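Breakdown of the fold
Single-letter residue listing:
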Amino acid sequence: MPVILTLDIGNTFVKAAAFVDGVCGPVHRYAHTELPGRLLEAAKIGNYGSEVQYIGMVSVGKEDMMRSLAPLQATFPAAGWLEINRSTPLPVGISYRTPETLGMDRVCSAVGGRHLAGAGPLLTIDAGTAITYDYIDRDGNYRGGGISPGLRTRFRALNDYTAALPLISEEGRWPLVGDDTATSIRSGVVNGLLAEVEGIAARYRKLAGPDLQVALTGGDAEFLGNHLKNINFVDSNLLLRGIWAIVLHQMHHA
């Protein structure tokens, strides 16, 4: 199988990993300000292998970041180049009322989840700056989902939009009954988010039936996954796996 370099240009970081024979290698994370220098340096010293045949990427909308990655074409002159957008052939159907507004990062996460699940119905929950819920029905059609604030976004919002609440993180105690301001904030944010995810997953299971599989991914997947029930699998890099699967689909249908 080809060696494929995958790039996820997110709201806060860029994640990169090479897939060799379908296996995801080490995932590297870069701040936007570190591009393209650190990524090029890593590529040149072989972190992504010397046999890259294709480079696939998706962005949440950071067009300047996309442009900054153009020097990769010189580093891998023989590699194909796929910027995943709304005209890219996909291994799933799209049944979304306004496809022109659909973030392709959401689609990539759902495709990555479906590749591991093998079939639908599937709910992919991506826990990052935002929490996205993405549903693929049993016929392999992406139907849509939901978007809500992520874990750290909720902590920041309480600090930004109140006069006295401090900015804290999820690290520390979060009992149901908070006994000081910090634990009360954690109780509301963490327990509230867990209740949201469990409740939304339960409602999708009523919609899709008991054979629904639920995948959890994103930067907070491991933290949340340790405290959630009824999650079929946790993989922090489903978006990268989705990019890989879409590149393979493109290669096979070119």
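Below: a short report on this structure. Please read all numbers here as calculations on a predicted model, not as lab measurements.

Rules and cut-offs
- Residues numbered from 1 in each chain as written.
- Predicted model: local features only at pLDDT ≥ 70, side-chain atom pairs only at ≥ 80, totals over all residues.
- Heavy atoms only, no water.
- Salt bridge = Lys/Arg side-chain N within 4 Å of Asp/Glu carboxyl O.
- Helix = DSSP H or I, 4+ residues; strand = E, 2+ residues; numbered from the N terminus.
- Buried < 20%, exposed > 50% of the residue type's maximum accessible area, 1.4 Å probe, protein only.
- Contact = heavy atoms within 4.5 Å.
- Pairing = 2+ DSSP bridges.
- Axes fitted to C-alpha atoms, helices over the stretch in contact; angles between N-to-C directions.

1. A closer look at the pattern of salt bridges
What the rule picks out here adds up to eight salt bridges. With a shortest N-O distance of 2.8 Å, E170 and R152 are connected by a salt bridge. With E170 in the loop between helix 5 (151–160) and helix 6 (181–208) and R152 in helix 5, this pair connects stretches of sequence that are 18 residues apart. For E170, a relative accessible area of 7% corresponds to the buried category. A residue is classified by how much of its surface remains accessible, and R152, at 38% relative accessible area, is partly exposed. Among the ionic pairs, R154 bridges to E196, the shortest N-O distance being 2.7 Å. Residue R154 is found in helix 5, and its partner E196 is found in helix 6; the two are separated by 42 residues along the sequence. Assessed through its relative accessible area of 22%, E196 is described here as partly exposed. What emerges from the salt-bridge pattern is a single network uniting R152, E170 and D220.

2. Some details on the environment of L151
Positionally, L151 belongs in helix 5. Taking the relative accessible area as the measure of exposure, L151 reaches 0% and is therefore buried. Other than its neighbours up to four places away in sequence, L151 contacts G128, E170, V189, V190, L193, D220 and F223.

3. Regarding the sheet that holds strand 11 (residues 213–217)
What the six strands build is an open sheet, ordered 7-10-9-8-11-12; its pairing is mixed. Of all strands in the sheet, those with a lone pairing partner are strand 7 (93–94) and strand 12 (233–234), marking the two edges. Two strands pair when backbone bridges link them, and strand 9 (residues 130–136) and strand 10 (residues 141–149) are joined in this way by seven bridges, in the antiparallel orientation. The partner of Y135 across the bridge, within strand 10, is G144. Relative to the sheet, helix 4 (residues 104–117) contacts strand 7, strand 8 (122–127), strand 9, strand 10, strand 11 and strand 12, its axis offset from that of strand 8 by approximately 125°. On the sheet, helix 6 packs against strand 8, strand 9, strand 10 and strand 11 and is oriented at approximately 10° with respect to strand 9.

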